[in-house]
Amino acid sequence: MRDRHSAPPPSGGALLAVLALAAAFGCSREAAGPAVAPNVVLVTIDTLRADRLGCYGYARAVTPTLDGLASRGVRFETAVAHAPLTAPSHASILTGHTPLGHGVRDNGAYVLPEGVRTVAEDFRRAGYRTAGFVSGFPLKRRFGFDRGFDAYDDQLPRGKDARRTAYVERTADRTTDAALRWLETVSPPGSPRKPFFLWVHYFDPHAPYEAPAQAMASVASPYDGEVAFVDAQLGRLLRRVEEKKSEPTLVLVTADHGESLGEHGEDTHGIFVYDSTLRVPFILAGPGVPGGAVSPTVARGIDVAPTLLDYAGLAATGMEGRSLRRAASGETLPDEPVYAESLHSQLQYGWAPLHAWRTAKHKLIEAPRVELYDLAVDPGEARDLSAREASRVEGMRRGLQRAMATITPNAAQAVDAETAERLAALGYVGPGGSATLPAPGRDPKDGIGLVTRLGRNGMTVARTEPEKAIRELTALLAEDPGMLVVLRTRAVAYAAAGRPADAIRDLRELEKRGALSAEDAVVLGDNLRLAGRPREATAVLERTSRENPKFAQPLLSLAAVRVQQEDMEGAATAYAKVLAVDPDNAEASRGLGDVALIRGDLAEAGQRYARVVELDGTDAAALSKLGVVRVRSGRAPEAIALFRRAVESDPKNAEALLYLAGALASNGRAAEAVPYFERALAAGPRTPMALNGLGLTRMELGDRVGAAAAFRESLRLDPKQPNVAEALRGLGRP
Ligand SMILES: [Zn+2]
């Protein structure tokens, strides 16, 4: 990073282009604004505690990129998020409003209201190119976070880990690759420079903590390993940004929330509003930012957008936050209190919500049992002072109540009618729908043990050990039948256990309570299909798709219903609709490939599978299918190369191994084929087809004993194979 004094003078052409753009978009630059509009890079690292970074004093950190950025720029010692949840906190970062102002109160249930402007819209209006790359489900475009971005990449590849829900996360290496590809397209040579606003969101420090081995080498915990991995990937991104030496670039790195890591009895995040999950890093570097400085001013999530706009010379209007530019330059700004909340305990568990009011020194947590902490002497929030300091409690409570009363919540658009109804019933949406204090219900402090049991013995094992999960979840429901999230999780476990009727029962119960989310509706549709009730499945999925037009999953599930009904044209129609809302959707391209293959249209099938491979070059299933198309088109060498790639990317993929073995065997390479037949049989089901292939290939190589063994096993599995029986007889008694 360079400051603007050492930056080369802007070329006349670039400056003129910027001025012309500014005029064209009716945007006025402040007199003190930079001579050249800087590029702006906003990086949000999900679930990142400030105190796990070297620059924030953690001795065991492996975070050279972030530490280096802090030494080139300004680090805010205390930065605070407004919610311990991805969607509400990111909405604050992107709009400059607290959740009271932007109306996004939980993950997965709200769409950012149209009436709330995003910083990306401000940058775009000022002539910036804008792009966002996100890595986690709560920031998918259908929740409105794509507003203002020319390009918004929310592709989440299918994970190989059954413990994770498919498509919830993209790892930092892949997100960085995608962002770097976009950077290549910015300012191609010969075209006038257009500044860019780039937002990159990384998800890795979010549980489960499973960093690649190389990131685990010298760290103290799996969580630290995820942080180290993100830091290394961020390094790749920032090096490329800095290579554009002629262009000043402002970089701001922060997080949406931290992670409790067991503090206060909470494993992860989402329930409590302690600093374990609300204190985040906040590091700023670039032109005009002094190097190696530390600001004592408390930075808030809502200050991100006004600060970025200020450095770009753009006015931030109508935002609740303020620019921290003067603080970055060394001034100590007057303290501004921070509003924070989590409604997760209320919306997901049926308990009391939490609201917090925080000054630089104290924090009040409004709950059935109120809490007060002196953060200056008790940063761990271990000694509740509320009983001793009743007058301070009252004063801070008034501040909190004023904030909640004066900021009119935007009518947050719930993602579907049922969610809207439920939220309205809770008092969070609709005209005059400001929340009142305190809502009745269990104090989350008293319920955190249930949350921990749900996490450890429910959510993490619902797919891998469903029967175990079902037992624990049933016990939890007996203790507290109001915990909607437990019903939701048990439905997933029932589905994984192959008990669709039970899953349907739990999901219908959620529906009855007005709590069926769009994701739940998809699970319901899938289970109705599995239970052989296609008409009900169709009704649920069509309704969900209608209510969530940007959500591809109901259409993908609908396509699966059509496939089950052997209505391939109906399936193709559903897949085509997916591509209309999400052109990069790999599942839809794959599905269209399958339909084309059944129809015998090799040209189209090849095109569709090739598209999947283009989106993800390691997709073993698509590589295999493309290989099959090539075999059927008589292009064996290409097919063999594709099968090899599939096996390399997924060495235990039985199907890919078998295809490779078969293709080698039928192209005169029997000796090469045998080990792949053997690996296919070791990795997957021992089918007569695979055994016969192995037997024939061994026979060709003169291995009569081996061939006979394979044929015998094949006949044990399926005695009605006269050709195989004859081949075995032909071998005599080897
Ligand atoms: Zn998050």
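Coordinates for the structure precede this section.
Residues numbered from 1 in each chain as written. Predicted model: local features only at pLDDT ≥ 70, side-chain atom pairs only at ≥ 80, totals over all residues. Heavy atoms only, no water.

Participant: What should I look at first to understand unusual backbone geometry in this one?
Facilitator: Only a minority of non-glycine residues have a phi that is not negative, and only a minority of peptide bonds are not trans. Along the chain, Ala207 connects to Pro208 via a cis peptide bond; the corresponding omega equals -5 degrees. Along the chain, the position of Pro208 falls in the loop between strand S7 (196-202) and helix H7 (213-216). Although it is not a glycine, Glu566 adopts a positive phi angle of roughly 60 degrees. Considering the arrangement of structural elements, one finds Glu566 in the loop between helix H21 (553-564) and helix H22 (568-581). The exposure class assigned to Glu566 is exposed, which follows from its relative accessible area of 69%. (Helix = DSSP H or I, 4+ residues; strand = E, 2+ residues; numbered from the N terminus. Buried < 20%, exposed > 50% of the residue type's maximum accessible area, 1.4 Å probe, protein only.)

Participant: I tried to follow the packing of aromatic side chains on my own but got confused; where do I start?
Facilitator: Working definition: an aromatic ring pair is given by the centre-to-centre distance plus the angle between the planes. For the structure on display, the rule yields 15 aromatic pairs. Summarising the aromatic geometry, the rings of Phe149 and Tyr152 are spaced 5.6 Å apart at their centres and angled 40 degrees between planes, so their arrangement reads as tilted. Exposure class is identical for Phe149 and Tyr152. Each is buried. Judged by centre distance (5.7 Å) and plane angle (90 degrees), the rings of Trp182 and Phe196 are edge-to-face. Of this pair, Trp182 sits in helix H6 (residues 172-185) while Phe196 sits in strand S7, and the two are 14 residues apart along the sequence. Comparing Trp182 with Phe196 shows no difference in burial state: the two are buried. Pairwise contacts between aromatic rings join Phe123, Tyr128, Phe149, Tyr152, Phe197 and Trp199 into one cluster. Residue placement shows Arg142 over the ring face of Phe551; its charged tip is 3.4 Å from the ring centre. Residue placement shows Arg325 over the ring face of Tyr311; its charged tip is 4.7 Å from the ring centre. (Phe/Tyr/Trp six-rings, centres within 6.5 Å; stacked < 30°, edge-to-face > 60°. Lys NZ or Arg CZ within 6 Å of the ring centre and 35° of its normal.)

Participant: What should I look at first to understand helix H19 (residues 518-530) in this one?
Facilitator: Each α-helix winds once per 3.6 residues, and so residues spaced three or four apart point in a common direction. Given a rise of 1.5 Å per residue, 13 residues ought to cover 18 Å, and the 19 Å separating the end C-alpha atoms of H19 matches this to within 8%. When we look at burial in H19, the residues that qualify are Ala518, Asp520, Ala521, Val522, Leu524, Gly525, Asn527, Leu528 and Arg529. Buried residues along H19 sit in contact with helix H17 (484-496), helix H18 (500-512), helix H20 (534-547) and H21. In the segment just after H19, Gly532 is the residue with positive phi, at about 75 degrees. (Expected span 1.5 Å × (residues − 1). Contact = heavy atoms within 4.5 Å.)

Participant: Would you explain the nonpolar core in this entry?
Facilitator: Generally speaking, nonpolar side chains in soluble globular proteins are found buried as a group. Within the largest apolar cluster, 139 residues are counted, with the highest numbers of intra-cluster contacts made by Phe123 and Phe197. By size, the runner-up hydrophobic cluster in this structure holds 36 residues, among which are Val612, Ile640, Leu642 and Leu681. (Core = buried A, V, L, I, M, F, W, Y, C linked by side-chain atoms within 4.5 Å.)

Participant: How do you make sense of the pairing of strand S5 (residues 129-133) when you look at a structure like this?
Facilitator: Each regular strand displays side chains that alternate between the two surfaces of the sheet. When you tally the buried positions in S5, you get four out of five residues, the bulk of the element. Alignment of S5 against S7, held across five bridges, turns out to be parallel. Bridge pairing in S7 places Gly132 opposite Trp199. In this structure, S5 lies alongside strand S6 (residues 151-153), joined through three bridges in parallel fashion. Across the sheet, residue Phe133 finds its bridge partner in S6, namely Asp153. (Pairing = 2+ DSSP bridges.)

Participant: Teacher, can you tell me more about the sheet that holds strand S1 (residues 39-45) here?
Facilitator: Strand-to-strand pairing in sheets goes through backbone hydrogen bonds, with the strands running parallel or antiparallel. Pairing is mixed across the open sheet formed by eight strands, whose spatial order is S6-S5-S7-S1-S8-S10-S2-S11. Pairing within the sheet leaves two strands with one partner each, and these edge strands are S6 and strand S11 (293-295). Neighbour-to-neighbour, the strand axes of the sheet open up by a mean angle of 10 degrees, direction not taken into account. Judged from the six bridges that link them, S1 and S7 form a sheet pairing that is parallel. When the sheet's bridge partners are listed, Val43 is paired in S7 with Val200. (Axes fitted to C-alpha atoms, helices over the stretch in contact; angles between N-to-C directions.)

Participant: Hey, could you run me through the packing of H22 against helix H23 (residues 586-599) in this one?
Facilitator: Relative placement of two packed helices is described by the angle separating their axes and the distance separating the axes. Relative orientation of the contacting elements H22 and H23 amounts to 150 degrees, with a least axis distance of 9 Å. Put simply, H22 runs roughly antiparallel to H23. In this structure, H22 crosses over H23, and the sense of that crossing is left-handed. Of the residues in H23, those in contact with Met568, Glu569, Ala571, Ala572, Tyr575, Ala576, Val578 and Leu579 of H22 are Glu587, Ala588, Ser589, Gly591, Leu592, Val595, Ile598 and Arg599. For the contact of H22 with H23, a count of residues per class yields eleven nonpolar, two polar and three charged. (Parallel < 35°, antiparallel > 145°, perpendicular 65-115°, else oblique. Left-handed = near helix turned anticlockwise from the far one by under 90°. Nonpolar A, V, L, I, M, F, W, Y, C, P; charged D, E, K, R; others polar.)

Participant: I would appreciate a short explanation of the pairing of S1 in the present structure.
Facilitator: S1 sits mainly inside the fold: seven of its seven residues count as buried. Of the two faces of S1, the one carrying Asn39, Val41, Val43 and Ile45 and the one carrying Val40, Leu42 and Thr44 are both buried. Sheet topology note: the S1/strand S8 (residues 249-254) ladder contains six bridges and is parallel. Note on S8: the bridge partner recorded for Val41 is Val251.

Participant: Explain the coordination of the zinc ion here, please?
Facilitator: All of the protein donors around the zinc ion are Asp46 (OD), Asp46 (OD), Thr86 (OG1), Asp256 (OD) and His257 (NE2); their distances to the metal are 2.0 to 2.7 Å. Written as a sequence motif, the donor residues of the zinc ion are D-x39-T-x169-D-H. Of this pair, Asp46 sits in the loop between S1 and helix H2 (64-72) while Thr86 sits in helix H3 (residues 86-95), and the two are 40 residues apart along the sequence. Residue Asp46 is classed as buried on the basis of its relative accessible area of 0%. Judged by relative accessible area, Thr86 falls into the buried class, the value being 1%. (Donors = N, O, S within 2.8 Å, 3.2 Å for Na, K, Ca; no water.)

Participant: It is not clear to me how the side chain of Asp374 should be interpreted in this structure. Could you clarify?
Facilitator: With respect to the helices and strands, Asp374 occurs in strand S16 (residues 371-374). Note on Asp374: relative accessible area 11%, which makes it buried. Of the polar contacts made by the side chain of Asp374, one reaches the backbone nitrogen of Ala376; its length is 3.1 Å. Not counting residues within four places of it along the chain, the set of residues in contact with Asp374 comprises Lys361, His362 and Leu385. (Polar contact = N/O pair within 3.5 Å; in protein donor to acceptor, adjacent residues only side chain to side chain.)

Participant: What's the story with the packing of helix H26 (residues 636-649) against helix H27 (residues 654-665) in this structure? I'm lost.
Facilitator: Between H26 and H27, the least distance of the axes is 9 Å, while the angle of their chain directions is 150 degrees. Relative to H27, the element H26 is oriented roughly antiparallel. In terms of crossing hand, the pair formed by H26 and H27 is left-handed. Taking contact as the criterion, the partners of Ile640, Phe643, Arg644, Ala646 and Val647 in H26 are, on H27, Ala656, Leu657, Tyr659, Leu660, Ala663 and Leu664. Per-class residue counts for the contact of H26 with H27 are ten nonpolar, no polar and one charged.

Participant: I'm lost on the environment of Leu333 in this one. Help?
Facilitator: Here Leu333 lies in the loop between helix H11 (325-328) and strand S13 (338-342). Through-space distance from the C-alpha of Leu333 to that of Pro296 is 8.7 Å; in sequence the pair is 37 residues apart. Not counting chain neighbours up to four residues away, the residues in contact with Leu333 comprise Thr297, Arg322, Ser323, Leu324, Arg326 and Ala327.

Participant: Can you help me understand the sheet that holds S13 in this one?
Facilitator: Pairing in this open sheet of four strands is antiparallel, and the strands run S13-S14-S15-S16 from one edge to the other. Bordering the open sheet on either side are S13 and S16, each of which pairs with just one other strand. Between one strand and the next, the sheet's axes are offset by a mean angle of 15 degrees, whatever the strand orientation. Examined bridge by bridge, strand S15 (residues 362-366) and S16 share four bridges and lie antiparallel to one another. When the bridges of S16 are listed, Ile365 appears paired with Glu371. Lying over the sheet, helix H13 (residues 390-406) contacts S13, strand S14 (354-358), S15 and S16, oriented at roughly 70 degrees with respect to S15.

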